Structures are given as structure tokens and as C-alpha cells.
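Residue-level structural notes
This is what each chain is made of:
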Amino acid sequence: NKDKIVTRAISRPWPITVTLPDLGTSFSVQDLAGGREAGTAGNGRFEITPGVFILSANGPVGRASLPEKLGNLALAEYHGPKPDTVALVVIPLAAPEYLAGRDAELRVRIVDATPPDSATLFIRRTAGDFYRGFPLHSAGAYEYAATVPAATMREGPSEYLVTVFRGGRAITFPEGVERLPWSWDYYGHQSWKVDVGAPSTPVVLFDPARDAPRLAFTRIGDAGRRGLFRLGYSASGRQVFHLELPVTDNGWSPPDYTASLVVRDRIVARQETINTAAALLVKARGLGLKQTLHLTLMEDHGTSWTAALPLGAEWGEHSIPLASFQVGRGVLLPQGFPGEWSYWVGPALGRGGQGDRPRLDRIERLQISLRREDGVTVTPGNYGIEIESVTFEH
């Protein structure tokens with residue numbers, strides 16, 4: 001789609017260091033394509049934008065002494081993309097969760113054709129609190145980071161905004177409102193969310209209301225690329241994830257139907273305490289009697305640990321000890337297209353032997369699967385599960 005932005009080419013000046021024995025540390029830099037006057041590098045370092053440059057240890061080089069071409073290219077030939085015209089954009093890079101009572105580094109990406117004069121991150125607890133501002137400092141390229149002190153990182157759901165300052169203007173994101181968040185006439189309603197939890201707060205791996213749009217599914221043929229699921233409500237009023245084993249009109253079902261969720265950012269956010277988890281707590285039910293839910297924890301190098309959970313038609317909390325997970329196969333989702341390509345992935349070399357167990361700090365994905373069973377006749381709507389949550393239990 002020509003209207004979809006997938007890459008931006010921004011010609012901003014950036015520092016570069018060139019170290020060549022014959023060039024030395026102080027040399028001239030001539031911009032042949034841009035037509036600017038020659039500059040001088042110090043300690044091999046200078047600023048550069050895309051183009052064509054001549055570096056010389058003996059001062060600027062006369063153009064008449066240079067060849068017109070190098071092979072098929074003119075010496076000063078440079079065909080850059082059209083100037084970037086996209087408006088200022090701020091992209092959140094913070095983790096979804098942080099520990100209370102610890103200093104936290106929250107990062108964002110500020111993208112524009114020129115750098116901002118400055119930027120500030122404003123954060124508060126979502127209910128009954130006011131915004132506190134912390135300066136954002138350059139962390140390389142277009143990334144900026146703010147350190148939020150432990151006293152501000154208090155337990156509870158929080159939200160944050162970013163204000164970019166340039167030329168006397170203050171623009172607050174994510175909405176791009178030209179006001180500061182603590183101004184009396186600030187009218188923005190959106191913010192980025194972040195959870196601040198105690199070390200003992202359970203790590204929620206799957207919450208249907210939050211995570212259902214982020215799932216990748218087994219593809220059913222070349223046309224069935226979208227996941228077949230729906231969201232409903234439990235008796236407690238919580239949203240639940242409803243998944244059935246698909247059945248075609250002629251009675252065919254896939255041998256495996258998997259929903260896969262990337263949870264790496266949640267694991268990284270709880271590195272201090274994640275290895276104390278002892279079980280996976282699943283709130284779920286089957287659509288009928290004798291339904292089986294397969295749960296898989298996939299590590300970042302592909303080693304996968306699975307457990308089968310039999311379910312009846314009644315809601316229940318099921319605690320699956322992590323020690324009972326067995327090394328098995330995970331599913332590579334999203335799938336390559338067309339065809340099935342490599343669907344299953346086995347354990348990494350040297351993993352899964354005697355005494356091995358899941359490395360929780362390496363978990364990257366949670367996978368929820370339904371599988372065809374011998375002797376079980378599947379009809380539309382008669383085989384599947386509903387899940388309210390999946391949580392690590394300490």
C-alpha cells in the first residue's frame with residue numbers, strides 16, 4: 001500500500017568518527033553533493049548528512065584534480081529521497097510494567113526532521129494524583145530516556161505523557177495538544193499506560209481485554225489468516241477469551257489450532273522476581289465435558305514447555321506446577337505465506353534433558369492450543385475453551 005508509511009528517510013546531521021592510519025585525526029571534510037564549504041574533523045570526528053564527501057589529510061582538494069566519474073557514477077552523484085514531510089511523532093518504548101519503589105528508566109522515540117529543543121516526560125498514578133515532570137535526555141539516535149525516582153514509582157496503574165518543546169511551543173503527546181499537562185486549560189484525554197506493581201504482584205501473562213488483539217493464530221489454508229475467536233463475559237463480569245477448534249462444512253478440523261502471544265516485555269519487567277514463580281494459574285472452563293487446553297511456554301531460542309489441562313464445563317481456577325511442564329514443541333507464529341512452511345519448533349541443542357526445566361527469565365511467548373483427539377467427534381461449537389486469565393503464581 002503506497003499510503004502506508006513503513007520507513008522514513010530523514011536527512012539529519014549525525015556525528016561520525018573515521019579512523020584510518022593515512023588520514024590521521026585532523027582532516028578536511030568536503031561535501032561534494034551538498035555544496036557546503038569544507039570543514040575540519042577533530043579527533044577523527046565530524047557531523048555528516050547523507051551525500052558524497054571527500055576526506056583529505058592535506059586540506060581541501062581542488063575539484064579540477066578530481067575525476068568526473070568513478071565507474072558508472074558521477075563523483076558527486078547522490079540521489080536522496082524526497083524531504084520527509086511527516087509531522088512530529090512520539091512513540092512510547094517503555095515497558096508495560098515496573099516494580100514499585102525502584103528507580104525506573106522510561107524511554108520514548110521522538111522522530112522529526114529536526115531535533116527538539118528539549119522534552120519532558122510527565123507521569124502520575126491514574127487515579128487521584130497529579131503529573132510530575134522529568135527531563136528526557138538523548139539516549140542515541142531518536143531515542144530519549146527519563147529516570148523516574150523510586151518515590152514516584154508507587155504501586156498502582158499509572159499513565160504518562162511526553163511534552164516536546166521547540167521554538168517556544170509545547171506539544172504534548174500522544175494527542176499532540178499544544179498545552180502542558182498541568183496547564184489549567186489542558187484538554188487532552190489520552191495517555192500511555194504503565195503498571196507499577198509490588199514484587200509480590202502476580203505477573204499476568206494473558207488478559208483477554210488487553211491481549212486478544214495482539215494474538216497470532218494458526219492459518220487455516222491460504223485464505224484463513226484471521227484468528228477465529230470472540231470475547232465474552234464470565235459470571236463475574238470479566239472479559240473472557242472464547243476459542244473453538246475450527247470445523248469446516250465437511251467435518252475437517254486442523255490437527256492443531258494455536259493462539260500465540262508475545263509476553264517478553266512483561267518477563268523483562270519482572271526479572272528480579274520472575275524466577276520465584278512456582279505455578280501457572282489459569283481461570284478457565286471447557287465448552288463441554290472432557291475438553292483439553294494445551295498451554296505452552298516458549299523461550300526466546302525456541303525451547304518450548306507444554307502442559308495439558310483437562311477442563312469441564314464449569315469455571316475453575318487451575319494451578320499447574322511449573323515442574324510439571326514437559327519439553328515439547330512450540331508453534332512458529334505468525335506463519336510464512338503461502339503454505340505452512342515450518343510450523344513446529346523443537347528444543348534448542350542441549351535443552352530438555354534430565355533435570356532441565358523452564359527458564360522463566362527467557363520466556364518469550366505464551367501459546368494456547370486446541371488439538372484434535374482420537375475418538376472425539378468435533379462439530380461446530382462443541383469443542384473449545386474459555387479463558388479469563390493466565391497468571392504466574394508465586
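Above this text sits the structure in question.
These numbers come from a predicted model, not from an experiment. (Residues numbered from 1 in each chain as written. Predicted model: local features only at pLDDT ≥ 70, side-chain atom pairs only at ≥ 80, totals over all residues. Heavy atoms only, no water.)

A closer look at the side chain of Thr-120
Inspection of the secondary structure assignment puts Thr-120 in strand β11 (residues 118-125). The exposure class of Thr-120 is buried, given its relative accessible area of 16%. (Helix = DSSP H or I, 4+ residues; strand = E, 2+ residues; numbered from the N terminus. Buried < 20%, exposed > 50% of the residue type's maximum accessible area, 1.4 Å probe, protein only.)

A word on the nonpolar core
In this structure, Leu-205, Phe-206, Leu-293 and Phe-392 are the most contacted members of the largest nonpolar core, which totals 39 residues. When contributions to this core are tallied by element, the ones reaching two or more residues are β18 (203-206), β21 (239-244), β22 (256-262), β23 (279-286), β24 (291-299), β25 (304-311), β30 (363-371) and β31 (384-393). Contact partners of Phe-206, with chain neighbours within four places excluded, come to Asp-211, Leu-215, Phe-241, Leu-261, Arg-266, Leu-366, Ile-368, Ile-387, Glu-388, Ser-389 and Val-390. (Core = buried A, V, L, I, M, F, W, Y, C linked by side-chain atoms within 4.5 Å. Contact = heavy atoms within 4.5 Å.)

Quick look at the sheet that holds strand β27 (residues 326-328)
Spatial ordering of the open sheet is given by β19-β22-β30-β24-β25-β27, a layout of six strands whose pairing is antiparallel. Looking at which strands have only one partner, the edges of the open sheet turn out to be β19 (216-217) and β27. Pairing between β25 and β27: three bridges, direction antiparallel. Considered in β27, the bridge of Trp-305 is made with Val-327. (Pairing = 2+ DSSP bridges.)

Focus: the layout of surface pockets
Over the atoms a probe the size of a water molecule is rolled, and this reveals where empty space is left. Approximately 220 Å³ is the volume found for the largest pocket. Around the largest pocket sit Pro-96, Thr-126, Pro-157, Lys-193, Val-194, Asp-195, Arg-210, Arg-214, Asp-265 and Arg-266, which together line it. Residue assignment for the lining of the largest pocket shows that the elements contributing at least two residues are β17 (192-197) and α2 (264-269). Of all the elements, β17 adds the most residues to the lining of the largest pocket, at three residues. Looking at the lining of the largest pocket, its residues break down into three nonpolar, one polar and six charged. (1 Å grid on protein atoms, 1.4 Å probe; cavity = no way out; pocket = protein on both sides within 12 Å on 5 of 7 lines; lining within 4 Å. Points joined across faces, edges and corners; volume = space filled by probe spheres on them. Nonpolar A, V, L, I, M, F, W, Y, C, P; charged D, E, K, R; others polar.)

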